[in-house]
Amino acid sequence: MTIFSLTNSIAISIISSLLLFTSLSSSSSLSPDGLSLLAFKSAISSDPTHALTSWSSNDPTPCHWPGITCDHTTQLVTSISLPNKALSGYLPSELASLLSLRRLSLSNNSLSGPIPTQISSLQKLTHLDLSSNLLSGSLPECLINLTHLAGTLNLSYNRFSGEVPPAYGRFPVALSLDLRHNNLTGKIPQVGSLLNQGPTAFSGNPNLCGFPLNLLCPDPEAQNPNNPNRVFSNPENPRNPGVGFVSNGGRKNGSVIVSVVSGIAVVIGVVFVSALVFGRKWRRSEEGRMGREEKLEKEVEVSEEGQKGKFVVVDEGFGLELEDLLRASAYVVGKSRSGIVYRVVAGRGSGGAGVMVAVRRLSEADAMWRFKEFEAEVEAIGRVQHPNIVRLRAYYYASDEKLLVSEFIRNGSLYTALHGGPAEPSPPLSWAARLKIAQGIARGLTHIHECSPRKHAHGNIKSSKILLDDDLHPYISGFGLARLVQGTSKSTNPALKKLNLNQITLSPKNIPSSSIIYMAPEVRVLGSKFTQKSDVYSFGIVLLEILTGRSPELGLENDGKGLESLVRRAFQEAKPLSEIINSTLVHEIHAKKQVVAAFHVALSCTEPDPEVRPRMRTVCDSLDRIKSQ
C-alpha cells in the first residue's frame, strides 16, 4: 500500500469515526467519555479476542466495560488497560477527550499508524504504554507537554523512525523511558534526563549512537582524510580507563573524542556484555596460545575465575540472576568518587512493577583487586546486616569491571530531606521524625562497630549517605566503600597490601570536600586513618545537622571551624535555643528538653580529643533515653 493510499485510508477512518461519534452523541445517553471510547472501538478493525464486544452505546457509563476504570465519585475514565488483546487498527484523536485519563496501556497489540498529536491534551496522564505494536512515524515531541507523565513512557518494539527529540530531556529523571527496538537514527541528545538513562532505554536501534550506548557517532570531519584534526579510534582498545565523564576538553570541532564517549558509555548492560562476551573471547584465545603447565593448573583456574567474570549472590533472599540484570532498565541516580550508582528495574513485565535494586559500578581505579581478595572483602561487607544498614544483595567481579548490587531505598537521602532537592523543597521534618532518624543511624553505626572483631569503621558518615524509606526509616549506605576504593594499591609488598585492606587511609585525591567537613580533626591530616572514634565525630556532625537544619559547610564562615564550633559557642554564651534550632521545631515546645539533650549528645560526639568522645554504644543508649525526658 502506498503512503498516499494509507493516508487516505486513515483519513476515511477518522471521518467515519467522527460521523459515528456525532450520531451516537445525538441519540445515546452514554456519557461523553463513553462516546470517546466508542470512537476508539470504531477505529479497531480486528478484535479477535472480543475484548470490546460488550462496549455498547446503550450503557449510561463505560465504567463497567472490560479494560476500563473510572473514578468512583465523578464516573470519569481514569484508566484504559487492554494489553495482549491482538487488536488491529489505529489510535483515534478522540482519545484526547478523556481528560481524566491517568493510565493508557495498549501494549502487545497490532495498532498501526502514528500517535495523534492531540494526545498531549491528556494532562493527567502518568503512565503511557504503547509497546509491542506497529506504530510508526516520528516520536511525537508533543509528549513533553504531558507534565504529569512520571511513571512510564514505553514506546518500545514499534516502527518509530527519525531522531530522539531533544525535548525528551525535559522528562523527569524518575520517568521510566523505553524506546528500544524501533528504527530511530542519529545521536542521542546529551541533554537533561536523557543523560540519566541507561543503555536499555535505547538498545535495539542500530542507527542510534552516543551515550549511553557503546556506539560512537560518526564524525564527518574526523573521517575526512584531509582533516588535520582527524581522530583515530583503536578497535583493539576502545576504552580509556583514565576518562570518566565528558568535559570541555573532550570536544573538538563539535565532536566527542572516542576515549571520552567510550569511558562513560560502559554502563550496566554494556558492562556485563563487554566483560562476559569480549573478555571471554580474548582470554580464551590467549589461553589456547600460551598453554599451561599441569602443576600450576589449579592456581591459574582460581585467578581466571574472576577474570572471566563471576556473579555472586550474597543475600539468600535475592532471586535475580545475571541474565535478569542484563535485561533490566538502568537509570543513573548518583555519581561519587567510588563510581556511578544506577537504579535498576529488573524482571518487569507488562504493567508489572519489577524488582528494584541499586547497582554501583566501582570506579576504574578499583581494577587492581585480585579476585580472591575482592571476594573476601565484599563478602565481609555482606555479612554486616542490620535493619538500619543498606543490605548488599550480590556482586559481580571481572578483571576490569566490578559491581555491587544492593537494596534500593526509594525516598532519597537525609541531606535532601533536611535541605531540599534541586527540583523542590522537602516537607519539614517533625521532632519525632528527626529523633527517630538519629536513633536509627546510631543503632546501625553501633552494629558496624561491634559486629566483628575486625573493628569495622565506616569512614564516610554524612547526611547524603543516610537513605530514607517512605516511613522515614534510616539506612546507612556506603559501608565498605572506603576500603574498596583505597584498598587498590599497585604495590607488590604483602605487608603493604595487608595494611591497605585493613585500614582506611586519608588521601586528598580520594576524599571530596563534601566529606571533609564531616571528618574528625585527627583524620584530616594526610596519611591518617579513619577509626571508630572518627565515625563518632562524623555522626555528631550529622546529629547537629538534624537539630539545626543547617548544612555543615554553611558554618564555615564561623571562623572557618564549621557547624560544631558555631553550636558550641552558642551554648557557651547561653544564647536562646531558637537561634540555633531548626525553625520548624520552635513551635514544638514539649520537645525542648529532648532537643537540648540531643544537642549535648552531639557536642560530646564532636569533642576535639578522640579519647574524650563516647563509644557509639553509649551514644545509642543516650539517644534512646531521650524519649523519656
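Residues numbered from 1 in each chain as written. Predicted model: local features only at pLDDT ≥ 70, side-chain atom pairs only at ≥ 80, totals over all residues. Heavy atoms only, no water.

Caption draft 1: Representation of the overall build of the protein within the structure. For the protein, the count of helices and strands is 17 helices and 23 strands. Taken over 629 residues, the protein has a buried fraction of 49%. Considering only contacts within the protein whose residues lie at least 6 apart along the sequence, 59% involve residues at least 24 apart. (Helix = DSSP H or I, 4+ residues; strand = E, 2+ residues; numbered from the N terminus. Buried < 20%, exposed > 50% of the residue type's maximum accessible area, 1.4 Å probe, protein only. Contact = heavy atoms within 4.5 Å.)

Caption draft 2: Looking closely at the side chain of D129. If you trace the backbone, D129 turns up in strand β7 (residues 127-129). Here D129 occupies a buried position and makes no salt bridge, while the nearest side chain of opposite charge, R103, is found at 6.4 Å. Here the side chain of D129 touches S131 through a polar contact of 2.7 Å, side chain to side chain. (Lys, Arg positive; Asp, Glu negative; His and termini not counted. Salt bridge = Lys/Arg side-chain N within 4 Å of Asp/Glu carboxyl O. Polar contact = N/O pair within 3.5 Å; in protein donor to acceptor, adjacent residues only side chain to side chain.)

Caption draft 3: The arrangement of the state of the cysteines in detail. For the structure shown, the criterion picks out two disulfides. Across a sulfur-sulfur distance of 2.2 Å, C63 and C70 are joined as a disulfide pair. Looking along the S-S bond of the C63-C70 disulfide, the torsion reads about -100 degrees, which is the left-handed sense. You can call C63 buried: its relative accessible area is 15%. Disulfide pairing places C209 opposite C217 at an S-S distance of 2.0 Å. With the S-S dihedral at roughly 105 degrees, the linkage between C209 and C217 falls on the right-handed side. The pair C209 / C217 is uniform in exposure class, with both members buried. Counting its disulfide-bonded cysteines in sequence order, the protein shows a connectivity of 1-2, 3-4. (Disulfide = S-S within 2.5 Å.)

Caption draft 4: Representation of the packing of helix α10 (residues 431-450) against helix α14 (residues 532-548) within the structure. One can describe the packing of α10 onto α14 by two numbers: an axis separation of 11 Å at closest approach and a directional angle of 170 degrees. Considering the angle they form, α10 stands roughly antiparallel to α14. Listed contacts from α14 to W431, R434, I437, A438, I441, A442, L445 and H449 of α10 are Q532, D535, F539, V542, L543, I546 and L547. For the contact of α10 with α14, the residue count by class is 11 nonpolar, two polar and two charged. (Axes fitted to C-alpha atoms, helices over the stretch in contact; angles between N-to-C directions. Parallel < 35°, antiparallel > 145°, perpendicular 65-115°, else oblique. Nonpolar A, V, L, I, M, F, W, Y, C, P; charged D, E, K, R; others polar.)

Caption draft 5: Focus on the pairing of strand β3 (residues 77-81). Burial of β3 is extensive: four of the five residues sit out of reach of the surface. Here strand β2 (residues 68-70) pairs with β3 via three bridges, running antiparallel. Looking at the pairing, I68 lines up with I80 of β3. In this antiparallel pair of consecutive strands, β2 and β3, the connection spans six residues, and Q75 shows a positive phi of 65 degrees. Inspection of the sheet shows β3 paired to strand β5 (residues 103-105) by three bridges, in the parallel sense. The residue bridging I80 from the neighbouring strand is L104, located in β5. (Pairing = 2+ DSSP bridges.)

Caption draft 6: Spatial organisation of the confidence of the model for the protein. Per-residue confidence for the protein gives a mean pLDDT of 76, with 71% of residues at or over 70. By mean pLDDT, the top-scoring element of the protein is strand β23 (residues 474-476) (96), and the lowest-scoring one is strand β15 (residues 255-256) (31). Low pLDDT, under 50, characterises residues 227-304; the predicted model gives this stretch 101 contacts beyond four residues in sequence or across chains. Across residues 506-510 the pLDDT falls below 50, and counting only partners more than four positions away or on other chains, this stretch makes 15 contacts in the model. (pLDDT = per-residue confidence, 0-100.)

Caption draft 7: Structural view of the packing of aromatic side chains. Scanning the entire structure with this criterion turns up seven aromatic pairs. With a centroid separation of 6.3 Å and 45 degrees between ring planes, the pair formed by F40 and W55 is classed as tilted. Of this pair, F40 sits in helix α2 (residues 32-42) while W55 sits in the loop between β1 (44-46) and β2, and the two are 15 residues apart along the sequence. Exposure remark for F40: the relative accessible area of 1% places this residue in the buried category. For W55, a relative accessible area of 2% puts it in the buried group. Sitting over the ring of Y397, K402 keeps its end group 4.8 Å from the ring centre. (Phe/Tyr/Trp six-rings, centres within 6.5 Å; stacked < 30°, edge-to-face > 60°. Lys NZ or Arg CZ within 6 Å of the ring centre and 35° of its normal.)

Caption draft 8: Examining the nonpolar core more closely. Among the nonpolar cores identified, the biggest contains 70 residues, and F374, L404, I441, L484, F539 and L623 are the most heavily contacted of them. Setting aside anything within four residues of it in sequence, one finds F374 in contact with L362, W369, Y395, Y396, Y397, K402, L404 and L484. In this structure, L30, L35, L82 and L87 belong to the second largest nonpolar core, which totals 53 residues. (Core = buried A, V, L, I, M, F, W, Y, C linked by side-chain atoms within 4.5 Å.)

Caption draft 9: Main features of the sheet that holds strand β12 (residues 183-187). Taken together, seven strands build an open sheet; the order of strands is β1-β4-β6-β8-β10-β12-β13 and the sheet is mixed. Strand pairing shows two members of the sheet lacking a second neighbour, β1 and β13 (207-209), which therefore form its edges. Averaged over all neighbouring strand pairs, the angle between strand axes comes to 25 degrees, with direction disregarded. The pairing of strand β10 (residues 159-162) with β12 spans two bridges and is classified as parallel. By the bridge assignment, G162 is partnered in β12 with L184.

Caption draft 10: Spatial organisation of the pattern of salt bridges. By the definition in use, this model includes 13 salt bridges. With a shortest N-O distance of 2.8 Å, E450 and R617 are connected by a salt bridge. Remark: R617 occurs in helix α17 (residues 616-625) and E450 occurs in helix α10; sequence separation between them is 167 residues. Exposure remark for R617: the relative accessible area of 34% places this residue in the partly exposed category. A salt bridge links E564 to R568; the shortest N-O distance between them is 2.5 Å. Of this pair, E564 and R568 both sit in helix α15 (residues 563-572), four residues apart, which is roughly one turn of that helix. Like E564, the residue R568 is buried in the burial classification.

Caption draft 11: Molecular detail of the sheet that holds β3. Read from one edge to the other, the open sheet built from six strands follows the order β2-β3-β5-β7-β9-β11, with strand pairing classed as mixed. Looking at which strands have only one partner, the edges of the open sheet turn out to be β2 and β11 (176-178). When strand polarity is set aside, the average angle formed by the axes of neighbouring strands in this sheet is 15 degrees.

Caption draft 12: Local environment of α10. In a regular helix each residue adds 1.5 Å, so 20 residues correspond to 28 Å; α10 covers 28 Å between its end C-alpha atoms and thus fits that length. Counting buried residues along α10, 15 of its 20 residues qualify, which places the element largely inside the surrounding structure. (Expected span 1.5 Å × (residues − 1).)

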